[in-house]
Amino acid sequence: MSVLVIAALRTYCQKCQYPQSVCVCQFVPVIASPIQIHVLQHKRERSNAKNTVRLVQLAIPDLFVHCIENDEDIVNAIEALPSGRLAVFYPCERSFTLEEKHEDITPALYAALVFIDGSWKQAGGIARKLPTDKRLDFFHFNSIPSSRYTIRHTNKEYALSTLEAVAVALDKLFDISQHPLLALLDEFQNHWQGPTSHRRHV
């Protein structure tokens with residue numbers, strides 16, 4: 001059993017860092033990624049209780065998260081990324097369709113997968129400031145399932161949570177089942193105590 005800590009009149013699980021009532025430890029899968037995964041996370045997302053990156057970190061402990069607050073943080077994050085080509089997942093004018101290029105993205109050719117975490121506005125701001133570096137290749141998904149992430153709202157039909165994006169990428173690139181991560185997301189949302197009226201309808 002995880003050691004519990006008391007803060008602000010709430011009991012938190014020391015392992016998953018969620019309130020005891022939302023503890024997901026028993027549902028966390030163990031996923032071994034054959035390639036490094038890095039997340040450029042907007043600072044405001046770090047403290048968002050609904051953020052899914054923490055869930056991914058529980059399942060993939062060696063995932064790297066870089067907190068982004070300003071331009072200097074972006075520069076530092078890029079310098080901290082492993083040397084070699086990087087596959088950045090963000091839909092933009094210079095992004096390729098992953099389905100058409102998936103055979104090229106292997107640990108032998110790419111050093112890491114990079115995801116941008118934040119609201120669409122926040123993520124777009126980070127993406128636009130990434131250098132036009134030859135080692136940064138951008139990708140987007142051509143076909144994706146409807147998002148199962150219902151506790152946050154978006155008007156983007158093709159939007160996925162960061163957890164879902166990681167799950168889809170690992171599935172398409174390395175045939176690693178999406179189910180364990182998606183099941184973890186479902187359990188997290190099942191335990192979420194916010195009003196059901198605040199959920200997005202799918």
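For the structure given in this document, a descriptive report is provided here.

Here is what the cut-offs are and how they apply
- Residues numbered from 1 in each chain as written.
- Predicted model: local features only at pLDDT ≥ 70, side-chain atom pairs only at ≥ 80, totals over all residues.
- Heavy atoms only, no water.
- Buried < 20%, exposed > 50% of the residue type's maximum accessible area, 1.4 Å probe, protein only.
- Helix = DSSP H or I, 4+ residues; strand = E, 2+ residues; numbered from the N terminus.
- Pairing = 2+ DSSP bridges.
- Salt bridge = Lys/Arg side-chain N within 4 Å of Asp/Glu carboxyl O.
- Axes fitted to C-alpha atoms, helices over the stretch in contact; angles between N-to-C directions.
- Parallel < 35°, antiparallel > 145°, perpendicular 65-115°, else oblique.
- Left-handed = near helix turned anticlockwise from the far one by under 90°.
- Contact = heavy atoms within 4.5 Å.
- Nonpolar A, V, L, I, M, F, W, Y, C, P; charged D, E, K, R; others polar.

This paragraph deals with the pairing of strand β7 (residues 110-117). For β7, the tally of buried residues reaches 7 of 8 residues, placing the bulk of the element in the interior. Bridge count between strand β3 (residues 36-42) and β7: 6 bridges; the pairing is parallel. Within β7, the residue paired with Q41 across the bridge is D117. With 5 bridges joining them, strand β5 (residues 85-89) and β7 adopt parallel strand pairing. Considered in β7, the bridge of F89 is made with F115.

Quick look at unusual backbone geometry now. For residues that are not glycine, phi is negative in most cases, and the peptide bond is trans in most cases. Positive phi, close to 70°, is recorded for Q17, a residue that is not glycine. The residue Q17 is located in the loop between β2 (10-13) and β3 in this model. Residue D175 is not a glycine yet carries a positive backbone phi of 60°.

What follows is about the pattern of salt bridges. Taken as a whole, this structure holds 5 salt bridges when the rule is applied. Its salt-bridge partner being K43, residue E69 comes within 3.3 Å of it at the nearest N-O pair. Of this pair, E69 sits in the loop between β4 (64-68) and α3 (71-80) while K43 sits in helix α1 (residues 43-46); the two residues are 26 residues apart in sequence, bridging distant segments of the chain. Under the relative-accessibility criterion, K43 is labelled partly exposed at 40%. For D133, the salt bridge goes to R135, with nearest N and O atoms at 3.9 Å. Here D133 falls in the partly exposed class, since its relative accessible area comes to 30%.

What follows concerns the packing of helix α6 (residues 162-174) against helix α7 (residues 179-191). Each pair of packed helices can be described by the angle between their axes along with the distance between the axes. Their axes nearest at 9 Å, the elements α6 and α7 cross at an angle of 165°. Put simply, α6 runs roughly antiparallel to α7. The handedness of the crossing between α6 and α7 is left-handed. The residues of α7 that touch α6, namely those facing L163, E164, V166 and A167, are L181, L182 and L185. Residue composition of the contact of α6 with α7, grouped by class: 6 nonpolar, no polar and 1 charged.

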